[in-house]
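Structure at a glance
Letter by letter, the chains look like this.
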Amino acid sequence: MTTLTHRTRRTEVSKSSEKKVESEEDTNQERSPDNEDPGDSKDIRLTLMEEVLLLGLKDKEGYTSFWNDCISSGLRGGILIELAMRGRIYLEPPTMRKKRLLDRKVLLKSDSPTGDVLLDETLKHIKATEPTETVQTWIELLTGETWNPFKLQYQLRNVRERIAKNLVEKGILTTEKQNFLLFDMTTHPVTNTTEKQRLVKKLQDSVLERWVNDPQRMDRRTLALLVLAHSSDVLENVFSCLTDDKYDVAMNRTKDLVELDPEVEGTKHNATEMIWAVLAAFNKS
């Protein structure tokens, strides 16, 4: 998994999912599935996967870095967190034998459609799978990283392209064809730069002006996006336009955040367990 490093200067600077964002079942407290996350009230609603991909795309070129081999698993982790936040899945309660986040199985809470094809496809897999699987195993299965030929059916294919098409429908990207000598490639340049800059500024503010130094006090979608952006190796695109001093502060605070012990943070009051379970899975891989 990628690590946070000192700044490399680059020239690139680089929500209408359901109207109501349903929350994850918490072992300490039952939350209403119709509650929206604070501060998440923009007209354009993006899923976590769409936000991660948007952050990773080069604005004019319309594709992610060829050297980025982390974003695929990052997008799958985003699917699990999104489903948990919408009240569709949750982690089984801890027991004496299964206390660790990575030992606990992903359970189905509701199989009602979300309106997003990738989320509904994943939900169908989780519902049909016996025995149940852990977060880490689901990320591997959805990515196709399994040697079991009977489980290749769980792999989500063409994920980036399908997410990009969702963003095209929402008016944020467009579709073009580019020739790369030996082959043609479909690209998706950013057309709604205002929406992307709003997303970038939200993440920048979360670790600078609005830094609270306590993940339990952070807006949980912002916390999830920081975790996923780090795991997908797209944080450089978020912080590269900052001054050197602010860049160092932003990177160091994010580093401190993702290096927290997921097992400890996941047991705290009102913690969103799925976020920490996904982070624990990425830390182990």
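Under an unreviewed UniProt entry, the protein has the name Golgi phosphoprotein 3-like and belongs to Neotoma lepida. Looking at the protein in UniProt, the text filed under Sequence similarities (unreviewed entry) is "Belongs to the GOLPH3/VPS74 family."

1. Examining the packing of helix α1 (residues 48–56) against helix α5 (residues 159–169)
For the pair α1 and α5, interaxial distance at closest approach is 10 Å and the crossing angle is 95°. By the angle between their directions, the pair α1 and α5 is classed as roughly perpendicular. Of the residues in α5, those in contact with M49, E50, L53 and L54 of α1 are R160, I163, A164, N166 and L167. By residue class, the composition of the contact of α1 with α5 is 6 nonpolar, 1 polar and 2 charged.

2. Considering the packing of aromatic side chains
Taken as a whole, this structure holds 2 aromatic pairs when the rule is applied. Ring geometry for W138 against Y154: centres 5.5 Å apart, planes inclined by 75°, an arrangement best described as edge-to-face. In this pair, W138 sits in helix α4 (residues 135–143) while Y154 sits in the loop between α4 and α5, placing the two residues 16 residues apart along the sequence. Both residues of the pair, W138 and Y154, belong to the buried class.

3. Side note on the pattern of salt bridges
Inspection of the entire model under this criterion finds 16 salt bridges. The salt bridge involving R100 is made with D103; its shortest N-O contact spans 3.1 Å. Overall, the relative accessible area of 29% leaves D103 in the partly exposed class. Beyond isolated ion pairs, a larger network of salt bridges with shared partners links E82, R86 and R221.

4. Comments concerning the nonpolar core
A general feature of soluble globular proteins is that nonpolar side chains tend to end up buried together. Formed by 73 residues in total, the largest nonpolar core has its most connected members in L55, L80, I81, I89, V135, F239 and M274. Among the elements that make up this core, the one with the highest residue count is helix α11 (residues 273–284) (9 residues). Those residues within four positions of I81 in sequence are excluded, and the remaining contacts are L48, A224, L228, M274, I275 and V278.

Reading guide: rules and limits
Within each chain, residues carry numbers counting from 1 in the order of the written sequence. pLDDT decides what is reported in this predicted model: residues at 70 or higher carry local features, side-chain atom pairs at 80 or more are listed and counted, and totals for whole chains, interfaces and linings draw on all residues regardless. Hydrogens and water molecules were not included; the side-chain quantities draw on all heavy atoms of the structure. UniProt positions are given in the numbering used here, feature names are shortened, and annotations may be inferred rather than shown by experiment. Fitting a line to C-alpha atoms yields each axis, with helices limited to the stretch in contact; the angle taken between N-to-C directions then spans 0 to 180 degrees. Secondary structure follows DSSP: runs of H or I at least 4 residues long count as helices, runs of E at least 2 residues long count as strands, and numbering of each begins at the N terminus. Oblique is the label for every angle not falling under 35 degrees (roughly parallel), over 145 degrees (roughly antiparallel), or within 65 to 115 degrees (roughly perpendicular). Residues are treated as being in contact if the distance between any of their heavy atoms lies within 4.5 Å. Amino acids are sorted into nonpolar (Ala, Val, Leu, Ile, Met, Phe, Trp, Tyr, Cys and Pro), charged (Asp, Glu, Lys and Arg) and polar (every other residue, Gly among them). Pairing of aromatic rings covers Phe, Tyr and Trp, the last through its six-membered ring, and needs centres within 6.5 Å; plane angles under 30 degrees mean stacked, over 60 mean edge-to-face, and all others mean tilted. The cut-offs for exposure are 20% and 50% of the maximum accessible area for each residue type, with area from a 1.4 Å probe on protein chains only; residues under the lower value are buried, those over the upper are exposed, and the others partly exposed. By definition here, a salt bridge exists when the distance from a side-chain nitrogen of Lys or Arg to a carboxyl oxygen of Asp or Glu is within 4 Å. By nonpolar core we mean a set of buried residues, namely Ala, Val, Leu, Ile, Met, Phe, Trp, Tyr and Cys, connected to one another through side-chain atoms within 4.5 Å.

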